[in-house]
Amino acid sequence: MATKPDLSTKNTNTWCPGCPNNMILAATKQAITNQIESGENKQGDFAMTTGIGCHAKIFDLLNISGIYCLHGRTIPTAIGMKLGNPNLKVLSFAGDGDTYAEGMAHFIHAFRYNIDMTLIVHDNQSFSLTTGQPTPTSQQGYVSKAKPQGETFKPFNPLKLALASNATFIARTSARDIPHMTETIQAAINHKGFAFVEVIQDCLIFNLDANAKDKMMYKTEPNTDKTTADKLASEFDYNSKEGKIPIGIIYQENDSPKK
Ligand SMILES: Cc1ncc(C[n+]2csc(CCOP(=O)(O)OP(=O)(O)O)c2C)c(N)n1
Ligand code: SF4
């Protein structure tokens, strides 16, 4: 029988009380636990990288090895880790600011390289650690200290960008739904190739208008068809609080090569 994993640390939790990053941590722990208890992996198989931001504090609270990277550099560091030890299951935690702004070039090329690892983006539509500047997924009109007259730029859709970059695994889940997040993260861990999981996450302090989108969300079946994936990815307009947000495996290429 597999040993019960010990994924907690004794470090102080410095997230705001009730921050949904706690839910992402809980789901990640559960996904790793499921992998270990099913005999697929050992705790020592897992390693992580994080960016810099509120999301990155997961580094303090998840008991696996890793590197706390530079802002925007969580993906290339994870790729280096995986190339150094191909037996590792590497989880890369990133913010929307972290990955869709400063780290954007790494995000696009990671889909081409299709290295066997998992990217989890905590998308709260805000650069929260640095007090709420707008990111590339913030909605137009978002008023912050950085843009007191409101964000003027249109947000882009990272799932559509991933599809255009030939991603082999794209999923979206919600930080308000721990079982769905757990299932999605586990599927990403087991995908042979670069698995991108976008977690829609509220921030309790900044960009409050972007919060509470769960009424718009619905669960979709795992999909392997690119045209359907494009339609699913297009449903959520990051600029709007109306319409539908599909969550689940938006696209998975079945014959993705193992790297
Ligand atoms: C190279 C570099 N660029 C910029 C920063 C400043 N910085 C640190 S955290 C942060 C915001 C993080 O926002 P996001 O990645 O969206 O994560 P969140 O805090 O929302 O979880 C920024 C801009 C930095 N520390 N290093
Ligand atoms: S600022 Fe937002 S994202 Fe950061 S810890 Fe607080 S609630 Fe969480």
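Bear in mind that the values here come from a model prediction, so they are computed numbers and not experimental data.

A. Geometry of the site of ligand 1. By nearness alone, 21 residues border ligand 1, and Gly53, Gly95, Gly97, Asp98 and Ser128 come closest of all. The residue inventory of the shell around ligand 1, partitioned by class, reads 5 nonpolar, 13 polar and 3 charged.

B. Just the site of ligand 2, in detail. Looking at ligand 2, the residues that line it are Trp15, Cys16, Cys19, Asn21, Cys54, Asn124, Ser128, Cys203, Leu204 and Ile205. Partitioning the shell around ligand 2 into residue classes produces 7 nonpolar, 3 polar and no charged.

C. View of the nonpolar core. In terms of nonpolar packing, the biggest core is built from 58 residues, with Leu119, Ile170, Phe196, Val197 and Ile250 touching the most fellow members. The contact partners of Val197, leaving out residues within four places of it in the chain, are Thr118, Leu119, Ile120, Ala171, Thr173, Thr184, Ile185 and Ala188.

D. Up close: unusual backbone geometry. With a phi close to 50 degrees, Asn114 is a non-glycine residue in the positive phi region. The topology assignment puts Asn114 in the loop between helix H5 (104–113) and strand S4 (117–123). Here Asn114 falls in the buried class, since 20 other C-beta atoms lie within 10 Å of it. The phi dihedral of Ala212 falls on the positive side, at around 55 degrees, and the residue is not glycine. Summarising the element assignment, Ala212 is placed in the loop between strand S6 (194–200) and strand S7 (217–219).

E. Molecular detail of the pairing of S6. Counting buried positions along S6 yields 7 of 7 residues, so the element is predominantly enclosed. Side chains Phe194, Phe196, Glu198 and Ile200 of S6 all project onto a buried face; the interleaved residues Ala195, Val197 and Val199 project onto the opposite face, where all are buried too. Relative to S6, S4 runs parallel, the two sharing 7 bridges. Of the residues in S6, the one forming a bridge with Thr118 is Ala195. Taken together, the 6 bridges between strand S5 (residues 169–174) and S6 define a ladder with parallel strand orientation. What sits directly across from Ser174, in S6, is Ile200. Taking the sense of rotation as the criterion, the β-α-β connection linking S5, helix H7 (residues 178–190) and S6 turns out right-handed.

F. Helix H1 (residues 21–37), seen in detail. The end-to-end C-alpha separation of H1 is 24 Å, in line with the 24 Å expected for 17 residues at 1.5 Å each. If you check which residues of H1 are buried, you get Asn21, Ile24, Leu25, Ala27, Thr28, Ala31, Ile32, Gln35 and Ile36. The inward-facing, buried residues of H1 contact strand S1 (46–50), helix H2 (58–61), S4, H7 and S6. Of the residues trailing H1, Gly39 is marked for its positive phi of about 85 degrees.

What counts, and at which threshold
- Residues numbered from 1 in each chain as written.
- Chains lettered and ligands numbered in written order.
- Predicted model: local features only at pLDDT ≥ 70, side-chain atom pairs only at ≥ 80, totals over all residues.
- Near = placed C-beta within 6 Å.
- Nonpolar A, V, L, I, M, F, W, Y, C, P; charged D, E, K, R; others polar.
- Core = buried A, V, L, I, M, F, W, Y, C linked by C-beta atoms within 7 Å.
- Buried ≥ 20, exposed ≤ 12 C-beta atoms within 10 Å, placed from the backbone.
- Contact = placed C-beta atoms within 7 Å.
- Helix = DSSP H or I, 4+ residues; strand = E, 2+ residues; numbered from the N terminus.
- Pairing = 2+ DSSP bridges.
- Right-handed = clockwise from strand over helix to strand, strands pointing away.
- Expected span 1.5 Å × (residues − 1).

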